[in-house]
Structure formats: C-alpha cells, structure tokens
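Residue-level listing of the chains:
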Amino acid sequence: GGAADLERLKPDPSKPVTVVQLRLPDGARGVANLNTTASVGDLRAFLIAAGHVPTGAAFALNAGFPPKPLSDEKATLEAAGLCNACVTVRL
C-alpha cells in the first residue's frame, strides 16, 4: 500500500528526474518528483499512495492545452510530454 508504493516510486537520482505539477480535485496543488522513465501508471500510483485521491476511486488525468486525457498507462512521462508539465486530476 501507500508507504511501500511511495518508496518504490522515489526517483533514482542516477537517472533523469522531472517534477510534475499537480492540480488536485479539491483545488489544491501538489508536485510529484519522478524519473522521466516513470509511466503514467506510476504517476497514478503516486497520487493514490500520497493520499491525493481516495483508494479505489476512479479518476482521470488530463494534461496539455487544450487538456487531453492521459489514457496510455504504459507511456513514460517523457513520451507523454509530462516532464515539468501540469497534470489536472479529476474525480
């Protein structure tokens, strides 16, 4: 669960790291520090592990302008254009 997932998702400092800005459902903002090779699915796991979204809740991730849903869970943050980007989390 939570702490173990957060530990697993900690960025490896020997690889490129990026910051993803988060706009959370309650209007708050957060950040995720992840390797650029982390996947969209890893970002989703981070949001749950960090308590930003309720466990078991369905939520959508949108990024870009105009915002597009991030539907490819296996895409890396780099491939999805999310390095240093802002992601909106919608319940």
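Each remark here, short or long, concerns the structure printed above.
Predicted model only: the values in this text are computed from it and were never measured.

Caption draft 1: Looking closely at the packing of helix H1 (residues 2-9) against helix H2 (residues 40-49). Interaxial distance between H1 and H2 falls to 9 Å at its minimum, and their mutual angle equals 140°. With respect to their mutual orientation, H1 and H2 come out oblique. Relative to H2, H1 is oriented so that their crossing is left-handed. Of H2, the residues touching H1 (which contributes Gly 2, Asp 5, Leu 6, Arg 8 and Leu 9) are Asp 42, Ala 45, Phe 46 and Ala 49. Within the contact of H1 with H2, the residues separate by chemical class into five nonpolar, one polar and three charged.

Caption draft 2: Structural context of the packing of aromatic side chains. Scanning the model with the defined rule gives zero aromatic pairs in all. It is Arg 44 that lies over the ring of Phe 59; its NZ or CZ is 4.5 Å from the centre.

Caption draft 3: Representation of the pattern of salt bridges within the structure. Scanning all chains against the criterion turns up five salt bridges. Residues Arg 8 and Asp 5 are paired through a salt bridge, measuring 3.8 Å at the closest nitrogen-oxygen approach. Here the residue Arg 8 and the residue Asp 5 both occupy positions in helix H1, the gap between them amounting to three residues, near one helical turn. The partly exposed category is assigned to Asp 5, whose relative accessible area is 28%. In this structure, the salt-bridge partner of Lys 15 is Asp 12, at a minimum N-O distance of 3.8 Å.

Analysis parameters
Residues numbered from 1 in each chain as written. Predicted model: local features only at pLDDT ≥ 70, side-chain atom pairs only at ≥ 80, totals over all residues. Heavy atoms only, no water. Axes fitted to C-alpha atoms, helices over the stretch in contact; angles between N-to-C directions. Helix = DSSP H or I, 4+ residues; strand = E, 2+ residues; numbered from the N terminus. Parallel < 35°, antiparallel > 145°, perpendicular 65-115°, else oblique. Left-handed = near helix turned anticlockwise from the far one by under 90°. Contact = heavy atoms within 4.5 Å. Nonpolar A, V, L, I, M, F, W, Y, C, P; charged D, E, K, R; others polar. Phe/Tyr/Trp six-rings, centres within 6.5 Å; stacked < 30°, edge-to-face > 60°. Lys NZ or Arg CZ within 6 Å of the ring centre and 35° of its normal. Salt bridge = Lys/Arg side-chain N within 4 Å of Asp/Glu carboxyl O. Buried < 20%, exposed > 50% of the residue type's maximum accessible area, 1.4 Å probe, protein only.

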